[in-house]
Amino acid sequence: PNAFQEGTEEAELLKVHYRTIEMRKIVIELKPGLQLGGLATATAPLLAAWVSSTRDVIFKWIERASSMDTWEPAGGAEIGHSASLVDVFSSAEGAVKTFADLRMGALPSVREAFLDMVCDVCTVYIEALRKSGEAEQQAAAEKLAAATQSRGAMGRA
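Residues numbered from 1 in each chain as written. Predicted model: local features only at pLDDT ≥ 70, side-chain atom pairs only at ≥ 80, totals over all residues. Heavy atoms only, no water.

K.L.:
Honestly, the overall build of the protein chain in this entry has me stumped. Any pointers?
P.N.:
For the protein chain, the helix and strand inventory stands at four helices and zero strands. What you see in the protein chain, going N to C, is helices and strands ordered as α-α-α-α. A buried classification covers 28% of the 157 residues belonging to the protein chain. Long-range contacts, defined as pairs at least 24 residues apart, comprise 64% of the intrachain contacts of the protein chain with a sequence gap of at least 6. (Helix = DSSP H or I, 4+ residues; strand = E, 2+ residues; numbered from the N terminus. Buried < 20%, exposed > 50% of the residue type's maximum accessible area, 1.4 Å probe, protein only. Contact = heavy atoms within 4.5 Å.)

Written as structure tokens, this is what we have:
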């Protein structure tokens, strides 16, 4: 299951955070002068756990998507992006939207952890691209060497 599916631990963490935000709004309406900064601090461990779980889920998506990718443009040449690129950045976009919609950035530690996660997603995906490129180059070199060796053997016969 992914981090955005109902019933996952991540989804439950987000529900607790969302309910805390809603409760804070109600209290502010009832008591406008009341200081409620502590509620953001109270949900920080939940948000940090969500960021960590989301990182793990997206990294699994990167591994799965890049291992199955043909590195051909998804949907034809007019799109120009591989399927894994679309999958990985769609999942990252979903995490960013969730983060923004639930106003998780109130605490600097949570905001920094989330930004680190987004950076890590890009770095890990670039590494997957590099490894795939190296494997492709190695396979092409081996194929060329085998063809050259085969031609040389035929010429000596």
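K.L.:
Which parts of the structure should I look at to understand the nonpolar core?
P.N.:
Soluble globular proteins tend to pack their nonpolar side chains together in the buried interior. In terms of nonpolar packing, the biggest core is built from 23 residues, with Trp-50, Ile-62, Phe-114 and Val-121 touching the most fellow members. If you list the elements that add at least two residues to this core, you get α1 (9–30), α2 (37–68), α3 (83–101) and α4 (108–156). Per-element tally for this core: the top contributor is α2, with nine residues. Those residues in contact with Val-121, other than ones at most four positions away along the chain, are Ile-58, Phe-59, Ile-62, Val-88 and Ala-92. (Core = buried A, V, L, I, M, F, W, Y, C linked by side-chain atoms within 4.5 Å.)

K.L.:
Is there a simple way to think about the packing of aromatic side chains in this case?
P.N.:
Inspection of the entire model under this criterion finds three aromatic pairs. Look at Phe-99 and Phe-114: their rings are 4.0 Å apart centre to centre, the planes differ by 10 degrees, and that puts the pair in the stacked class. Here Phe-99, found in helix α3, pairs with Phe-114, found in helix α4; they are 15 residues apart in sequence, far enough to count as distant. When sorted by exposure, Phe-99 lands in the same class as Phe-114, which is buried. (Phe/Tyr/Trp six-rings, centres within 6.5 Å; stacked < 30°, edge-to-face > 60°.)

K.L.:
Looking at this model, I keep getting lost on the environment of Glu-93. Mind explaining?
P.N.:
Positionally, Glu-93 belongs in helix α3. Taking the relative accessible area as the measure of exposure, Glu-93 reaches 43% and is therefore partly exposed.

K.L.:
Explanation requested: the pattern of salt bridges in the structure shown.
P.N.:
Think of it this way: side chains of opposite charge can pair up when their charged atoms draw near. Tallied over the full model, the rule gives four salt bridges. Residue Arg-55 pairs with Asp-120 through a salt bridge whose shortest N-O separation is 2.2 Å. Of the two residues, Arg-55 is situated in helix α2 and Asp-120 in helix α4; the sequence distance between them amounts to 65 residues. The exposure class assigned to Asp-120 is partly exposed, which follows from its relative accessible area of 28%. With a closest N to O distance of 2.3 Å, Arg-130 and Glu-134 form a salt bridge. With Arg-130 and Glu-134 both in helix α4 and four residues apart, the pair spans about one turn of that helix. Since its relative accessible area comes to 37%, Arg-130 is described here as partly exposed. With relative accessibility at 43%, the residue Glu-134 sits in the partly exposed group. (Salt bridge = Lys/Arg side-chain N within 4 Å of Asp/Glu carboxyl O.)

This is a description of form; function is not addressed.
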